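What the coordinates show
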Amino acid sequence: MVTVRAIRELARSLPRTEEALVRDRVKFRVRGLVYVALSPDETQMGFGYPKAERAALVAAEPAVFFLPIPSDERFNWVRCHLAALDPARMRELVVDAWCMVVPKGVAAAYLARQG
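Here's a quick rundown of the structure. (Residues numbered from 1 in each chain as written. Predicted model: local features only at pLDDT ≥ 70, side-chain atom pairs only at ≥ 80, totals over all residues. Heavy atoms only, no water.)

Two faces belong to every sheet, and in a regular strand the side chains alternate between them. Here 5 bridges tie strand β1 (residues 18–22) to strand β2 (residues 25–30), and the two strands are oriented antiparallel to one another. Looking at β2, one finds that A20 is bridged to K27. The hairpin formed by β1 and β2 contains 2 residues between the paired strands, and R23 there has a positive phi angle of roughly 50 degrees. (Pairing = 2+ DSSP bridges. Helix = DSSP H or I, 4+ residues; strand = E, 2+ residues; numbered from the N terminus.)

Right, dumping it as structure tokens:
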């Protein structure tokens, strides 16, 4: 199981990230673009994900992933149950979501340093 602390540590380590509390939800964003949000009870995580691919993700692992609320379906967004994620998968999802909101050069430089 992934903890909020682990998500926070990873997100805060990503360049240009800021943390905000919006309507009782912890959100991580870059210049106002949110790439990860935690549910108020901290059992679910929403994250940036390409709209064109999200139906396949949800269909492949419905016990882990689910669609956003209807008002958020217009965004590149998917949600997941934290209890169903392992740390490596969480890291992949958070970093990929972050890459969607930072300039490509910033993402490329970070990924190159990670190896």
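Okay, back to it.
A few words on the packing of aromatic side chains. Using the criterion set out here, one finds 3 aromatic pairs in the structure. Measuring from ring centre to ring centre gives 6.0 Å for F47 and Y49, while their planes differ by 85 degrees; the resulting arrangement is edge-to-face. An identical accessibility class is assigned to F47 and Y49; each is buried. Summarising the aromatic geometry, the rings of F47 and F65 are spaced 6.1 Å apart at their centres and angled 70 degrees between planes, so their arrangement reads as edge-to-face. Placement of the pair is F47 in strand β4 (residues 44–48) and F65 in strand β5 (residues 65–66), with a sequence separation of 18 residues. (Phe/Tyr/Trp six-rings, centres within 6.5 Å; stacked < 30°, edge-to-face > 60°. Buried < 20%, exposed > 50% of the residue type's maximum accessible area, 1.4 Å probe, protein only.)

Glancing now at the sheet that holds β5. Read from one edge to the other, the open sheet built from 6 strands follows the order β1-β2-β3-β4-β6-β5, with strand pairing classed as antiparallel. Each end of this open sheet is capped by a strand with a single partner; those strands are β1 and β5. The pairing of β2 with strand β3 (residues 33–38) spans 4 bridges and is antiparallel. What sits directly across from R29, in β3, is V34. Most of the contacts of helix α2 (residues 51–60) go to strand β6 (residues 77–81), to which it runs at about 20 degrees, and overall it touches β4, β5 and β6. (Contact = heavy atoms within 4.5 Å. Axes fitted to C-alpha atoms, helices over the stretch in contact; angles between N-to-C directions.)

Below, the discussion takes up the side chain of Q44. Secondary-structure assignment places Q44 in strand β4. With relative accessibility at 19%, the residue Q44 sits in the buried group. A polar contact of 2.7 Å, which involves the side chain of Q44, links it to the side chain of R79. Ignoring anything within four residues of it in the chain, the contact list for Q44 reads A37, L38, S39, F66, R79, C80, H81 and L82. (Polar contact = N/O pair within 3.5 Å; in protein donor to acceptor, adjacent residues only side chain to side chain.)

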